[in-house]
Amino acid sequence: MSKFSHIYIEEGATAYPVTQHVLSRFPRSIRVAIRHYKDVFNRPHQNFRRQKASPKLILAVKQEPFLYPGPEVCEDFGHPNFYYTSPVLNCIYDCDYCYLQGLYPSANIVIFVNIEDFFKAVDRKLESGPLYLCPSYDTDLLALEGIVPYASRWIEFAATRQDLVIELRTKSANYSAIAHLKPAEQVILAWSLSPGEVARRYERLAPPLKTRLTAIKAALQDGWQVRLCFEPLLKVYSWQHVYNEFLDEVFSILPAEKIFDANIGVFRMSKEHFKRISRMRNDTDVFAFPMVCCEGEVVTYEDEKELRDFFYQGLKRYLPEGKIYG
Ligand code: SF4
């Protein structure tokens with residue numbers, strides 16, 4: 001937990017209770033006052049990879065807008081009013097394929113400390129009807145729970161709002177941090193899963209598959225709605241064998257009948273992010289299989305349908321079609 005050598009604190013963020021909470025977790029970190037988080041986060045000529053080896057923390061106050069329409073490439077699970085929000089920018093994990101490397105100029109982690117303003121924005125949105133919201137897209141909130149308890153805050157908030165459904169997406173095994181909370185029907189805990197060897201190779205710093213499965217099993221036992229996110233499906237040597245074994249392993253541990261739903265997504269990324277990331281990442285073979293740029297300027301495998309259909313057929317052995325998206 002002592003990994004942040006420096007914490008940058010925006011002028012306006014100092015008085016917030018979240019700021020004081022985070023600072024109390026890192027008494028030895030060097031504190032640096034800044035005018036605006038973008039002065040640090042958006043500086044030109046930053047080296048994302050170098051920063052990732054030793055990220056700094058930035059505490060800031062988010063200004064409008066708080067909610068953004070769900071991106072086209074993301075599954076809306078049948079919800080017509082799909083939005084995402086980013087109370088934290090960047091992630092403590094370091095997946096080779098992570099799109100955040102192409103999205104942000106910096107690997108430093110920004111925590112927006114005015115969480116109550118996010119909740120107010122959600123309440124305003126709810127006035128016009130039901131809302132499906134993803135607050136853990138540009139980060140992994142459960143993984144950060146020991147630093148800032150935003151997964152619990154979002155769960156507690158959603159549990160009191162009738163027309164709200166939130167999805168908390170994670171690769172963390174940190175379920176124990178929220179296990180004391182009562183499962184709420186407005187909350188879906190969504191675990192991203194990859195075969196063990198894919199996780200070992202391409203999901204640096206994220207917990208191994210087995211540990212994630214143990215966390216999911218505990219959440220299911222406690223009665224949470226659990227979504228399994230099989231994305232990104234990645235091409236690896238002998239992928240048919242790898243993904244078949246993977247599904248067998250997942251459902252040898254998890255009771256399929258208790259899974260709320262699942263989604264499938266073959267690796268895909270906007271052309272712009274792909275160009276930026278593949279230029280930066282010559283230390284990984286994650287992009288080694290032939291890719292094409294298809295409609296909407298999205299890059300994916302030239303035969304992505306084959307991988308998707310293969311996995312879909314495999315997953316159908318365990319889950320009914322109506323529970324599989326993507
Ligand atoms: S867990 Fe998700 S957000 Fe975090 S590094 Fe991996 S892909 Fe990126």
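Source: prediction; values computed, not measured.

A. Representation of the site of the ligand in the model. What surrounds the ligand is the set Cys91, Tyr93, Asp94, Cys95, Tyr97, Cys98, Leu100 and Lys171. Each residue belonging to the shell around the ligand can be placed in one class, and the counts come to six nonpolar, no polar and two charged.

B. Highlighting the sheet that holds strand β18 (residues 324-325). Strand order across the open sheet formed by eight strands is β4-β5-β9-β10-β11-β13-β14-β18, with mixed pairing between neighbours. Lying at the two open borders of the sheet, with one neighbouring strand each, are β4 (68-69) and β18. Here two bridges tie β4 to strand β5 (residues 82-84), and the two strands are oriented antiparallel to one another. Looking at β5, one finds that Tyr68 is bridged to Tyr84.

C. The arrangement of unusual backbone geometry in detail. Going from Glu64 to Pro65, the amide bond is cis rather than trans, its omega being 0°. Along the chain, Pro65 falls in the loop between β3 (57-60) and β4. Even without a glycine there, the phi angle at Leu205 is positive, about 80°. Tracing the backbone shows Leu205 in the loop between β12 (203-204) and α8 (209-221). A positive phi angle, close to 60°, is found at Ser238, a residue other than glycine. Structurally, the position occupied by Ser238 is in the loop between β13 (225-233) and α9 (239-253). Exposure remark for Ser238: the relative accessible area of 33% places this residue in the partly exposed category.

D. Main features of the environment of Glu306. Residue placement: Glu306 occurs in helix α11 (residues 304-315). According to the relative accessible area criterion, Glu306 is partly exposed, its value standing at 43%. Separated by 40 residues in the primary sequence, Glu306 and Val266 place their C-alpha atoms 9.9 Å from one another. When residues no more than four places from it in sequence are discounted, the contact partners of Glu306 are Trp239 and Gln240.

Procedures and definitions
Along each chain, residue indices are assigned from 1 in the same order as the chain's sequence is written. In keeping with the model being predicted, local features are shown solely for residues with a pLDDT of at least 70 and side-chain atom pairs are shown and tallied solely at 80 or more, while totals for entire chains, interfaces and linings include all residues. Water and hydrogen atoms play no part in the side-chain values, which are based on all heavy atoms of the structure. Nearness of a residue to a molecule or strand requires only that one of the residue's heavy atoms be within 4 Å of it. Nonpolar residues are Ala, Val, Leu, Ile, Met, Phe, Trp, Tyr, Cys and Pro. Charged residues are Asp, Glu, Lys and Arg, and all others, Gly as well, are polar. DSSP calls a pair of strands paired once it identifies at least 2 bridges connecting them. Under the scheme used here, helices are H or I runs from DSSP no shorter than 4 residues and strands are E runs no shorter than 2 residues, and both carry numbers assigned from the N terminus. Note on exposure labels: buried denotes an accessible area under 20% of the residue type's maximum, exposed denotes more than 50%, and partly exposed covers the range between, all computed with a 1.4 Å probe on protein chains only. A contact between two residues is defined here by any heavy atoms of the two lying within 4.5 Å.

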